[in-house]
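Here's the letter readout for the chains.
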Amino acid sequence: MRKVIGIGETVLDIIFKNDQPTAAIPGGSVFNALISLGRCGVNAAFISETGNDRVGRTIIDFLRKNGVDAKCVNVYPDSKSPISLAFLNEQNDAEYIFYKDHPNDRLEFTFPDVQPDDIVLFGSYYAVNPVIRPQVMGFLDYARQHGAILYYDVNFRAAHKSEVMRLTPNILENLELADVVRGSNEDFEVMFRKSDPDVIYRTQIAFYTHNFICTQGAKPVELRGEGNLRKQYAVPLSSGVVSTIGAGDNFNAGFAYGLIRYGITRDMIVNGLSEQQWDQLIGCAQQFSAEVCKSINNSVSPDFGQSMAEEMKNEK
């Protein structure tokens, strides 16, 4: 059975509305995607780190309860787990403040089993952090050698803008490894001071991979693919948006789900997907993204996951 392996940070998101805390939810960019995939019955595993405290135990328990293999989550005995404060504005978009107490980051894990056409999700600052770069790069290289599909969500926050020059070599290595690259126009504005998808693709991405997805909030999703494929996907109008915190993370989850549901392999991606295959993948990604915005949670609901699991089963 194909599986999705995520590597990324764990954090407890404390969510504020009107400056009052309304929820505390385990999170992290790749973490959120893995929880959604676990709820959809996808074979999922997570590589990460957490502190040896109540928050860390809650995070690991949350992974297991949602069907995600947590054996590769390293617990630091003398550290506190990271916390983030997410302040929702009137549009329910979030502004973040992060608190982290890992004075000696040293990601330690045994590589999970990786088979051809398994999917590896990676991204955010975790994927470029110089302190753990050797371990992250070692795993990504290992996964590539074993025939996995590497999906890179750059997810580069403005908080790290001052580090762009220092981190550029790591960013470029990630682009070179990736089979598919996704980012928001805001990410690329921070990283490259560019926001036009065509300019970003031509000047920053195409040299490394031809499979590029640029999301732009409520504006259309821009796709660039092998064979000069160029397409826009309108973002469905959605009423009752409660929170956009997990929208991008669950776009990634839906894309990974689509790869498995529709039997899309790495060779198919390398040789160029058809427009119909891209339509299926982006359709799944947008479906997951829209679903997560309906609640304060960072991942799709268990009921939605069950329905997606049944649809995948019926597809086969």
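Residues numbered from 1 in each chain as written. Predicted model: local features only at pLDDT ≥ 70, side-chain atom pairs only at ≥ 80, totals over all residues. Heavy atoms only, no water.

Caption draft 1: Summary view of the side chain of Arg 133. Here Arg 133 lies in helix H3 (residues 133-145). Here the side chain of Arg 133 touches Ala 127 through a polar contact of 2.5 Å, landing on its backbone oxygen. Contacts of Arg 133, omitting those with residues within four sequence positions, involve Ala 127, Val 128, Gly 138, Asn 170, Glu 173 and Asn 174. (Helix = DSSP H or I, 4+ residues; strand = E, 2+ residues; numbered from the N terminus. Polar contact = N/O pair within 3.5 Å; in protein donor to acceptor, adjacent residues only side chain to side chain. Contact = heavy atoms within 4.5 Å.)

Caption draft 2: Broad picture of helix H7 (residues 247-261). Counted at 1.5 Å a residue, the expected span for H7 with its 15 residues is 21 Å, and the 20 Å between its end C-alpha atoms agrees. Burial of H7 is extensive: 14 of the 15 residues sit out of reach of the surface. Among the residues trailing H7, Gly 263 stands out with phi positive, at a value near 65 degrees. (Expected span 1.5 Å × (residues − 1). Buried < 20%, exposed > 50% of the residue type's maximum accessible area, 1.4 Å probe, protein only.)

Caption draft 3: Focus on the pattern of salt bridges. One pass over the structure, following the stated rule, counts 16 salt bridges. A salt bridge links Glu 275 to Lys 231; the nearest nitrogen and oxygen atoms lie 2.8 Å apart. Pair noted here: Glu 275 is in helix H9 (residues 275-292) and Lys 231 is in strand S13 (residues 229-233), with a separation of 44 residues, a long-range link. Take Glu 275: its relative accessible area is 41%, and that puts it in the partly exposed class. With a relative accessible area of 21%, Lys 231 lands in the partly exposed category. (Salt bridge = Lys/Arg side-chain N within 4 Å of Asp/Glu carboxyl O.)

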